[in-house]
Amino acid sequence: MNSTGQRLLDAAWHWHGGSGAIVKTLSDYITIPNVSPAFDPDWSTNGTLDKAVQLFADRVLAFRNDFPEARFDDIAVTVYGGRDNPIADPAGERRTPLLRVDVPAHGPAPAGGTVILYGHLDKQPGLDDAWSDGLHPRKPVVRNDRLYGRGAGDDGYALWCALSALAALRASGESHPRAVIIIEAAEESGRDDLEVYLDAIRNDLGDVRFIVCLDSGCGDYDNLWTTDSLRGVVAGSLRVAVLREGVHSGDASGVVPSPFRIMRKLLSRLEDEDTGEILPPAFRVAIPDEVPPALARTASVLGDGVWRGFPFLDSVCPAAPANAELLLARGWKAGLVVKGLDGVPPAAGSGNVMLPWVEASLSLRLPPTLASADAASVLKALLEKDPPYNARVTFTVQAAADGWTAPPLPSEMADTLRAAAADCFGGVVHSNAEGGSIPFMAFLRDRFPAARFLVTGVLGPGSNAHGPDEFLHLPTARRLAEVVARMVASLS
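All figures in this text were calculated on a predicted structure; none of them were measured in a lab.

## Considering the overall build of the protein chain
Then step 1. Within the protein chain, the secondary structure is distributed over 16 helices and 18 strands.
Then step 2. Since a compact globule built from 492 residues should have a radius of gyration of about 23 Å, the 24 Å found for the protein chain is in line with a globular shape.
Then step 3. When its C-alpha atoms are laid out on the principal axes, the protein chain stretches across 80 × 50 × 45 Å.
Then step 4. Counting only residues that meet the buried cut, the protein chain has 51% of its 492 residues in that class.
Then step 5. Accessible area for the protein chain stands at about 21,100 Å²; split by element, carbon and sulfur atoms hold 50% of it.
Then step 6. Within the protein chain, one finds 45 positive and 61 negative side-chain charges whose respective centroids are separated by 1 Å.

Okay, structure coming up:
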């Protein structure tokens with residue numbers, strides 16, 4: 001990339017004083033409460049997702065005009081499933097909108113095939129009252145190279161990272177193959193809208209050779225990080241009922257079995273409460289030989305940063321003493337989180353009542369190579385079989401998504417990635433096993449088996465996606481855009 005392309009990236013990502021085109025757009029995006037459908041039952045009528053999609057669509061065209069040196073006159077912007085052209089699912093419910101930006105092949109020697117660059121723009125709930133003084137989920141604030149606000153890092157920046165990368169290539173006079181930027185609006189909900197849209201346009205996408213996913217994390221902000229695997233997930237609700245209604249706890253205890261105690265006993269079938277280990281062999285996989293030493297190398301780079309990035313209370317320790325062990329558990333072993341509880345009144349207002357029922361929302365992360373459908377069946381049978389005291393126990397599977405492992409890059413692309421890490425970050429490429437799930441990746445692996453992948457992102461220490469004080473580390477986003485540009489150009 002020549003100096004013209006570098007200057008374009010610098011200008012597009014300029015953030016001092018909030019004057020850069022991308023920071024301005026992301027700041028406006030932060031103010032929109034476009035929470036993902038799973039957390040907003042009124043999304044289809046309140047227009048928040050549509051507003052965010054339209055903002056991005058309009059700003060793509062403005063970006064074209066702001067940077068004429070990118071020669072973007074041939075790009076096309078399409079919105080599927082918008083308010084003016086809604087698309088319904090089989091149940092008659094509206095599907096979330098999707099933004100598509102087509103950038104035709106360009107340059108003196110463009111490669112054939114198609115590159116897909118992926119991100120999403122739906123957000124997690126804001127947690128308004130939990131943010132630090134002066135910060136708010138819908139108030140954009142730039143401090144110390146960080147743009148604070150919900151959605152900036154997860155994952156509003158992705159479109160602009162992809163678009164600025166392609167613009168820099170064109171401004172430099174370099175060739176690139178056809179690129180299609182796909183920005184969905186339901187990633188945080190795990191809906192199948194994106195899969196339906198992509199199946200509908202699959203033939204139009206042609207020969208997909210390279211897929212860039214910009215919705216992952218980084219171990220620090222000083223190096224280039226790629227994700228080599230993602231865990232799968234089974235999510236559902238476990239309900240335990242023993243009574244038709246609540247009764248006096250003094251009268252009932254000792255006679256009526258507590259539904260909370262029964263739930264504890266059921267969860268102990270799944271998880272060792274002393275270690276957090278998931279007990280049934282059905283939830284374990286053979287870990288590839290190369291994974292433990294690779295994660296040991298990652299642990300040597302991050303040190304205690306493996307766990308210090310989490311907001312531990314003073315004196316609280318991580319789940320294992322060795323950093324490499326923590327990385328292996330997060331990336332390649334199953335793990336349970338109880339993420340919600342119903343049927344239990346707030347402590348301050350609770351009476352002396354034996355609860356008639358309790359219901360827990362469970363999230364079981366799965367090893368990357370474990371089939372989620374099989375895991376869901378095993379989990380349901382495990383929790384419902386032979387309930388203690390013949391209590392009424394039901395486990396309802398609400399979502400199941402497979403994990404993913406990256407196929408190796410061809411040697412030429414791997415060389416380009418190493419060179420980009422050295423030039424843009426001043427170091428080497430570090431790989432990691434992410435504990436989260438991106439269901440879209442398994443779908444793409446199955447639909448485009450010949451494609452190679454680059455999965456990366458900006459969610460590093462303290463960025464706190466889904467939590468309070470979420471931020472986008474702007475220097476990392478700008479450097480990552482240059483890496484993406486160089487990887488796309490390498491295909492030509």
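## Things to note about the state of the cysteines
Then step 1. Counted under the stated rule, the structure contains 0 disulfides.
Then step 2. This cysteine, Cys213, is not joined by any disulfide, and Cys161 carries the nearest cysteine sulfur, 11 Å off.
Then step 3. With a relative accessible area of 0%, Cys213 lands in the buried category.

## Let's talk about the sheet that holds strand β7 (residues 208–217)
Then step 1. Read across the sheet, 6 strands follow the order β1-β2-β6-β3-β7-β17 without closing on themselves; strand pairing throughout is mixed. Of all the strands in the sheet, just β1 (76–80) and β17 (452–459) have a single pairing partner and so form its edges. Each strand axis lies, on average, 20 degrees off the axis of its neighbour in the sheet, ignoring direction.
Then step 2. Pairing analysis gives 5 bridges linking strand β2 (residues 98–103) to strand β6 (residues 178–184), with the strands arranged antiparallel. Counted as the bridge partner of Asp102 is Val180 from β6.
Then step 3. Sheet strands touched by helix α16 (residues 474–490): β3 (114–120), β7 and β17. Its angle to β17, the strand with the most contacts, is close to 170 degrees.

## Concerning the sheet that holds strand β4 (residues 141–143)
Then step 1. Taken in spatial order, the 3 strands of this open sheet run β4-β5-β18, and their pairing is antiparallel. Among the strands making up the open sheet, the edge pair consists of β4 and β18 (471–473). Averaged over all pairs of adjacent strands, the angle between strand axes in this sheet comes to 25 degrees, irrespective of strand direction.
Then step 2. One ladder, built from 3 bridges, connects strand β5 (residues 146–148) with β18; its direction is antiparallel. Looking at the pairing, Tyr148 lines up with Phe471 of β18.
Then step 3. Contacts between helix α2 (residues 21–30) and the sheet are confined to β4, β5 and β18, with β5 contributing the most and set at about 25 degrees to the helix.

## Brief notes about a nonpolar patch on the surface
Then step 1. On the surface, Phe310, Phe312, Leu313 and Val316 cluster together to form a nonpolar patch covering roughly 400 Å² of accessible area.
Then step 2. Tracing the backbone shows Val316 in the loop between α11 (305–308) and α12 (323–332).

## Observations concerning the packing of aromatic side chains
Then step 1. According to the stated counting rule, one finds 11 aromatic pairs in the structure shown.
Then step 2. Measuring from ring centre to ring centre gives 6.0 Å for Tyr80 and Tyr197, while their planes differ by 35 degrees; the resulting arrangement is tilted. With Tyr80 in strand β1 and Tyr197 in helix α6 (residues 193–200), this pair connects stretches of sequence that are 117 residues apart.
Then step 3. Put simply, the rings of Tyr29, Phe56, Phe63, Phe67 and Trp160 touch in pairs and so form one group of aromatic residues.
Then step 4. When the ring centre of Phe448 is taken as origin, the NZ or CZ atom of Arg202, which lies over that ring, is 5.9 Å away.
Then step 5. Above the plane of the ring of Trp357 lies Arg239, whose end atom (NZ or CZ) is 4.1 Å from the centre.

## Focus: the side chain of Thr96
Then step 1. Here Thr96 lies in the loop between β1 and β2.
Then step 2. For Thr96, the side chain forms a polar contact with the side chain of Asp193, separated by 2.7 Å.
Then step 3. Ignoring anything within four residues of it in the chain, the contact list for Thr96 reads Pro37, Trp43, Leu49, Tyr80, Gly81, Ala185, Ala186, Arg191, Asp193 and Tyr197.

## Points about helix α5 (residues 152–171)
The periodicity of an α-helix, 3.6 residues per turn, causes residues three or four places apart in sequence to face the same way.
Then step 1. A maximum bend of about 35 degrees is found in α5 at Ala158.
Then step 2. Most of α5 sits out of view: 20 of its 20 residues are buried.
Then step 3. Positive phi shows up at Gly173, right after α5, with a value of about 75 degrees.

## A look at the pairing of β2
Then step 1. Burial analysis of β2 places 6 of its 6 residues in the buried class, which makes it a mostly covered element.
Then step 2. Burial along β2 is two-sided: Leu98, Arg100 and Asp102 and Leu99, Val101 and Val103, pointing in opposite directions, are all buried.
Then step 3. Bridging between β1 and β2 involves 5 bridges; their strand directions are antiparallel. For Thr78, the partnering residue across the bridge sits in β2 and is Arg100.

## Some details on the pattern of salt bridges
Then step 1. Under the criterion given, the structure shown has 24 salt bridges.
Then step 2. Between Asp28 and Arg59 there is a salt bridge; the shortest N-O distance is 2.7 Å. Of the two residues, Asp28 is situated in helix α2 and Arg59 in helix α4 (residues 48–66); the sequence distance between them amounts to 31 residues.
Then step 3. In this structure, the salt-bridge partner of Asp204 is Arg100, at a minimum N-O distance of 2.3 Å. With Asp204 in helix α7 (residues 202–205) and Arg100 in strand β2, this pair connects stretches of sequence that are 104 residues apart.
Then step 4. According to the relative accessible area criterion, Arg100 is buried, its value standing at 5%.
Then step 5. Members of the salt-bridge network, linked through shared partners, are Arg95, Arg191, Asp192 and Asp193.

## Describing the packing of α4 against α5
Each pair of packed helices can be summarised by the angle the axes make with each other and by the distance between the axes.
Then step 1. The interhelical angle for the contact between α4 and α5, taken along N-to-C directions, is 20 degrees, at an axis separation of 12 Å. Our classification of the angle between α4 and α5 gives roughly parallel. Here α4 and α5 pass one another in a crossing that is right-handed. Residues Phe56, Arg59, Val60 and Phe63 of α4 touch α5, and the partners they reach there are Gly156, Leu159, Trp160, Leu163, Ser164 and Ala167.
Then step 2. Its residues placed into classes, the contact of α4 with α5 shows 7 nonpolar, 2 polar and 1 charged.

## Considerations on the packing of helix α1 (residues 3–12) against α16
Then step 1. In contact at an axis separation of 10 Å, α1 and α16 are set at 145 degrees when each is read in the N-to-C sense. Remark: the crossing between α1 and α16 carries right-handed chirality. Residues Gln6, Leu9 and Asp10 of α1 touch α16, and the partners they reach there are Arg478, Ala481 and Glu482.
Then step 2. Partitioned by chemical class, the residues of the contact of α1 with α16 number 2 nonpolar, 1 polar and 3 charged.

Cut-offs used in this document
Residues numbered from 1 in each chain as written. Predicted model: local features only at pLDDT ≥ 70, side-chain atom pairs only at ≥ 80, totals over all residues. Heavy atoms only, no water. Helix = DSSP H or I, 4+ residues; strand = E, 2+ residues; numbered from the N terminus. Rg over C-alpha atoms; globule rule 2.2 N^0.38 Å. Buried < 20%, exposed > 50% of the residue type's maximum accessible area, 1.4 Å probe, protein only. Areas by Shrake-Rupley, 256 points an atom, 1.4 Å probe, with all protein chains shown as cover. Lys, Arg positive; Asp, Glu negative; His and termini not counted. Charge placed at Lys NZ, Arg CZ, Asp CG, Glu CD. Disulfide = S-S within 2.5 Å. Pairing = 2+ DSSP bridges. Axes fitted to C-alpha atoms, helices over the stretch in contact; angles between N-to-C directions. Contact = heavy atoms within 4.5 Å. Patch = residues over 30% accessible without salt bridge, like charges linked within 9 Å, V, L, I, M, F, W, Y side chains within 5 Å. Salt bridge = Lys/Arg side-chain N within 4 Å of Asp/Glu carboxyl O. Phe/Tyr/Trp six-rings, centres within 6.5 Å; stacked < 30°, edge-to-face > 60°. Lys NZ or Arg CZ within 6 Å of the ring centre and 35° of its normal. Polar contact = N/O pair within 3.5 Å; in protein donor to acceptor, adjacent residues only side chain to side chain. Bend = angle between axes of the 7 residues up to and from the residue. Parallel < 35°, antiparallel > 145°, perpendicular 65-115°, else oblique. Left-handed = near helix turned anticlockwise from the far one by under 90°. Nonpolar A, V, L, I, M, F, W, Y, C, P; charged D, E, K, R; others polar.

Such coordinate-based values are descriptive only and should not be taken to indicate function.
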